[in-house]
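In case you want the letters, here they are:
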Amino acid sequence: MTDQHAERRAPAKPPARSTTRPSPGEDWTQWPTYNAATLGFRNYWYPVVWERDIGDKPQAVTLLGEKIMVAREGDKIYALKDRCPHRGVPLSHGRREFPGTVSCAYHGWTFDLESGNLSAVLTDGPESPICGRLSVKTYPVEQRLGLVWIYVGDGEPHPIEQDIPAELLDNDHVMGGKIDLRAGNWRFAAENGFDEGHAKYLHNTALWRLFKVMPAWNKTRVAEVGPWLIRVQDEVHWEADYPGLGTWSNKRWWKRMPLPDAPGKGKSVNPVIAGLDIPGFVSIRLPGLLRVAYPHFIHYEWYVPVDADTVRYVQMMVRFESGAKGLLFKFKYLSAIRWLFHGQFTAQDAWMVDVMDAPPEKLYRPDLSITGWRRLIEKARPKPQPYDPASGSPRA
Ligand code: FES
Ligand SMILES: [Fe+2]
């Protein structure tokens, strides 16, 4: 069966299961909120699709395990639960018969996009007694930064601005971005993003780093600044001798070195980035947003939970410029950054997120970035989306 309405999914992967039982300290029970968040956290705004990709035709998306139909009417985009209450057919298969409505493909039950109310039943005539007595759930939707954001939560949502880094809302910028569905739980993707240890090893083969040396190892701590947890480098080592084994380094004759160890310390730093005054390159915040600040641009990535084994990976490379400099960046993004960084480099991350299987785990010193992130969550106590492992769906 071909299904042009369904999203293109990451290749299916059997659910990760460990056969060994973790010893105390090797599993995630000491982080109960995090441990429960297989499907992420409720009560946040999540970026889901590009605005430009949503037209009149309904589309299906899955967010925190919830199946949602998205469709446009003029400038507004609407999101409804993707299930017709009649016989359970997804509304994303439906048609648009009247303005502001969607009609289920099976028997033509027609729902108002704004309210979700059943406003007509096309196969039962204008006097249909069920009309007006049913509705489907609607989701709050906003459009910012060229993206469609959907709120999954309880009650009235907070302003979306609280979930978007202020520098993106307050400054002119140009942006290139990419959205992919990737295999693996969203927590593995978030931990990989904030992971102190791997970049120096996993990514030393990335073309994006072909001409730039990465350190061999660092001594790092984490610092909380506002909503962010930031990795701060106290020591950066470019090579090291391993007794009896030899020297290991990422230095090569053709690579430039070194990068400044904090974005504000470079010789020339974009004023917006300098103004952020952040003590380290890499920051993370709830509900799963990473910020990697370079002297001239910032890379953001959102790890948006789809289901237990799939994450929506929303990458944005932002330069705080306009005019000719902005245009030049756009060109650089489309010709190089999109392929080298948002492509091959982060595909190495996707590979690891897909194949890793934890817990159990035995953590090492650099993993203080990961445990710091888990601790931040325990402190903030966001509300995990209920998860039923038997069905793989959110528990009703
Ligand atoms: S299942 Fe939707 S109208 Fe019948
Ligand atoms: Fe990485």
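Not measured: the values here are computed from a predicted model.

**Regarding unusual backbone geometry**
The linkage connecting Ala358 with the following residue, Pro359, adopts the cis geometry, with an omega of -10°. With respect to the helices and strands, the residue Pro359 is situated in the loop between α6 (323–355) and α7 (368–380). Of note, the amide linkage connecting Pro359 to Pro360 takes the cis form, showing an omega dihedral of 5°. Along the chain, Pro360 falls in the loop between α6 and α7. Although it is not a glycine, Leu145 sits at a positive phi angle of roughly 55°.

**Here's the deal with the sheet that holds strand β1 (residues 44–50)**
Taken in spatial order, the three strands make up an open sheet running β1-β10-β9, and their pairing is antiparallel. For this open sheet the edge positions go to β1 and β9 (141–144), each flanked by a neighbour on one side alone. Each neighbouring strand pair of the sheet contributes to a mean axis angle of 35°, computed without reference to strand direction. As defined by bridge partners, β9 adjoins strand β10 (residues 147–152) across four bridges and the pair is classed as antiparallel.

**What about the sheet that holds strand β18 (residues 298–307)?**
Spatial ordering of the open sheet is given by β11-β19-β18-β17-β16-β13-β12, a layout of seven strands whose pairing is antiparallel. Each edge of the open sheet carries a strand with a single partner, namely β11 (174–183) and β12 (217–225). In this sheet, neighbouring strand axes are inclined to one another by 20° on average, regardless of whether the strands run parallel or antiparallel. Lying over the sheet, helix α3 (residues 186–194) contacts β11, β13 (228–237), β16 (282–285), β17 (289–293), β18 and β19 (310–319), oriented at roughly 160° with respect to β18.

Cut-offs applied
Residues numbered from 1 in each chain as written. Chains lettered and ligands numbered in written order. Predicted model: local features only at pLDDT ≥ 70, side-chain atom pairs only at ≥ 80, totals over all residues. Helix = DSSP H or I, 4+ residues; strand = E, 2+ residues; numbered from the N terminus. Pairing = 2+ DSSP bridges. Axes fitted to C-alpha atoms, helices over the stretch in contact; angles between N-to-C directions. Contact = placed C-beta atoms within 7 Å.

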